[in-house]
Every structure is written in C-alpha cells, then in structure tokens.
Amino acid sequence: MRTAVIRINIDPAGELSGPELGARMELLVTRANSAGIAVADSRVGTMPAHRREIQLHMTGADGAMLRRDAEQLCAEIFGTAPTAGAVTYISRGTDDDANGILSGFGITGDVSRITGDEGFDIITVRLASSDLARVPESRIQTALEAATNCEIRIVTT
C-alpha cells in the first residue's frame, strides 16, 4: 500500500493561539496514531499565524479521499476550516509505487522485476498499446524511473 503525504494548513485564518494549537496538536497526534496516521511535523505552535501547515502520512491509493479525510479530521480537532494542498506519495521503489504511477496516468499494466547482471533491479512494465496512444511513453518511463529508482523497460501488448 502506498503512503500519501497530505500537507494541510490547519489554521488558515491564524485565529488559534500558540497554547491552544499545542493542546490541539497533542489531541491530533493521539487520534491520528490510533487511526494509523502519522503526523510528520508537530511544531505548528512555533509557526507564524499565516503558515500553520502540518504533514499527515496516510496509507491508501485514493488521494481525493485521503485529502477529504485529513481535512475532516483536522476540522474536528482544531475547529477551523483547514485546507489541504496537493497529495503526494512517498516512494520506496516498490511494485506498488510503480502501479500507483500507472494508475495516476489512468492506465494499468503488468509489473515484473528481476535482478540484472550488475545486481540492480530491472522492472519490466507491460502496457496496452492503446494506453500508449493516450499517454506518451516517455512520461510514463520518466515517472516510473523516478518512483522506483530502477531501470524501466516498457513492453507493449
């Protein structure tokens, strides 16, 4: 399962005081931990009122749903109208990462991995030629290489 990073401004209006933010951050960390969510940075009480952004690490593939869940959780805890930014993903170079990249392009493929002669992984991705007609192969290649840090071989079926 992929790990999403959701950056969220928990107090866009800058209305909460430092001590109030600290108390609510403690509550957020407790609730997040019990839900399997990691709070990556909890120094928000020391941030200026106009930039109270935290990062939540959540597992899942549906970025829009994770974003909504993060905003809802923060709204409940902070009593504000939090705003989430773009959802990004932590890449660990796994086949799940490769499949996540493909799904981001709206395509599916068969991903297989071997160890090359020099000891480095080589990933072969089998894609339908109709998908390559919609999405340039070079974009897919570059994104897969960046996400997996492996040699990528794309084969059309």
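Residues numbered from 1 in each chain as written. Predicted model: local features only at pLDDT ≥ 70, side-chain atom pairs only at ≥ 80, totals over all residues. Heavy atoms only, no water.

*Asks:* Explain the overall build of the protein chain to me, please; I cannot follow it from the model alone.
*Replies:* When helices and strands are tallied, the protein chain shows 5 helices and 7 strands. Each helix (α) and strand (β) of the protein chain, taken in turn from the N terminus, gives the series β-α-β-β-α-β-α-β-β-α-α-β. In terms of overall size, the protein chain is more extended than a compact globule, its C-alpha atoms giving a radius of gyration of 19 Å where 157 residues would be expected to give roughly 15 Å. By principal-axis analysis of the C-alpha atoms, the protein chain measures approximately 55 × 35 × 25 Å. The buried share of the protein chain, taken over its 157 residues, is 38%. Put simply, 63% of the contacts in the protein chain that link residues at least 6 apart link residues at least 24 apart. (Helix = DSSP H or I, 4+ residues; strand = E, 2+ residues; numbered from the N terminus. Rg over C-alpha atoms; globule rule 2.2 N^0.38 Å. Buried < 20%, exposed > 50% of the residue type's maximum accessible area, 1.4 Å probe, protein only. Contact = heavy atoms within 4.5 Å.)

*Asks:* Even after reading the chapter, I still don't get the packing of aromatic side chains, so can you show me in this structure?
*Replies:* How two aromatic rings sit relative to each other is given by the distance of their centres and the angle of their planes. What the rule picks out here adds up to 0 aromatic pairs. When the ring centre of tyrosine 89 is taken as origin, the NZ or CZ atom of arginine 2, which lies over that ring, is 4.0 Å away. (Phe/Tyr/Trp six-rings, centres within 6.5 Å; stacked < 30°, edge-to-face > 60°. Lys NZ or Arg CZ within 6 Å of the ring centre and 35° of its normal.)

*Asks:* I keep staring at the pattern of salt bridges and nothing clicks. Help me out?
*Replies:* Between side chains of opposite charge, a pair can form as their charged atoms come close. Tallied over the full model, the rule gives 9 salt bridges. We note a salt bridge from glutamate 76 to arginine 31, for which the minimum N-O separation is 2.9 Å. Here arginine 31 lies in helix H1 (residues 18-34) and glutamate 76 lies in helix H2 (residues 63-78), a separation of 45 residues in the sequence. With a relative accessible area of 46%, glutamate 76 lands in the partly exposed category. Across the pair aspartate 121 and arginine 113 runs a salt bridge, and its minimum N-O distance is 2.8 Å. Residues joined by salt bridges that share partners form a network here, namely Asp95, Arg113 and Asp121. (Salt bridge = Lys/Arg side-chain N within 4 Å of Asp/Glu carboxyl O.)

*Asks:* What exactly am I supposed to notice about the pairing of strand E3 (residues 53-59) here?
*Replies:* Residues in a regular strand point their side chains to alternate faces of the sheet. Burial of E3 is one-sided: the residues Ile54, Leu56 and Met58 facing one way are buried, the residues Glu53, Gln55, His57 and Thr59 facing the other way are not. Relative to E3, strand E1 (residues 3-9) is paired through 7 bridges, and the arrangement is antiparallel. Bridging from a neighbouring strand, asparagine 9 pairs with glutamate 53 of E3. Sheet topology note: the strand E2 (residues 38-39)/E3 ladder contains 2 bridges and is antiparallel. Directly across from valine 39, in E3, lies its bridge partner leucine 56. (Pairing = 2+ DSSP bridges.)

Read these as spatial facts, not as claims about activity.
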